[in-house]
Amino acid sequence: WIGFNMNQKLSFQQSADVLKQCLKLRIQTEGKNSLNVAKTCEQLGACLLSLNHHEDSLKLYTTSLEIYKDLLGDNTPECARVMLDIGTIYSHLQNFELSLIQLNACLEFFEEERGKESEEVAAVLLRM
């Protein structure tokens, strides 16, 4: 298992390095406020979260959320998905108050949009 975990971490690190370059190029070509930049921030945040780089991951997810809100509005599946991830990060950082704020907002969205019996609602409840 140790070798597997090391390979997995190396794989996440390699992915993070590629995504950092991709993010840099997207910002140069599209500007800081594009959906592609938001998606890349989200993907890079996920890689860094897998490497336990919680603070860096939180910054990227927050940037992604701000872009989504600016371009798509506050009440979208993209925002809810990112809020779920931000809530999870706050939980890892043991900031349970901020975690619950994010998770409750996400839960409200999915209950309204998908219904209380949806997989998305179950996923949020599992993280609470």
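In this report, we go over the structure that sits alongside the text. (Residues numbered from 1 in each chain as written. Predicted model: local features only at pLDDT ≥ 70, side-chain atom pairs only at ≥ 80, totals over all residues. Heavy atoms only, no water.)

Here the focus is the overall build of the protein. Broken down by element type, the protein carries six helices and zero strands. Scanning the protein from its N terminus toward the C terminus, one meets helices and strands in the order α-α-α-α-α-α. Against the globule reference of 14 Å for 128 residues, the protein gives a C-alpha radius of gyration of 15 Å, in line with a compact fold. Over its C-alpha atoms, taken along the principal directions, the protein stretches across nearly 40 × 40 × 25 Å. (Helix = DSSP H or I, 4+ residues; strand = E, 2+ residues; numbered from the N terminus. Rg over C-alpha atoms; globule rule 2.2 N^0.38 Å.)

In this section: a nonpolar patch on the surface. Nonpolar side chains collect at one region of the surface, where Leu35, Leu71 and Leu72 lie side by side and expose about 220 Å² of accessible area between them. Within the fold, leucine 72 resides in helix 3 (residues 54-72). For leucine 72, a relative accessible area of 36% corresponds to the partly exposed category. (Patch = residues over 30% accessible without salt bridge, like charges linked within 9 Å, V, L, I, M, F, W, Y side chains within 5 Å. Areas by Shrake-Rupley, 256 points an atom, 1.4 Å probe, with all protein chains shown as cover. Salt bridge = Lys/Arg side-chain N within 4 Å of Asp/Glu carboxyl O. Buried < 20%, exposed > 50% of the residue type's maximum accessible area, 1.4 Å probe, protein only.)

For the rest of this paragraph, the subject is the environment of leucine 35. Here leucine 35 is to be found in helix 2 (residues 35-50). Separated by 35 residues in the primary sequence, leucine 35 and aspartate 70 have C-alpha atoms spaced 10.0 Å apart. Not counting residues within four places of it along the chain, the set of residues in contact with leucine 35 comprises Tyr68, Leu71 and Leu72. (Contact = heavy atoms within 4.5 Å.)

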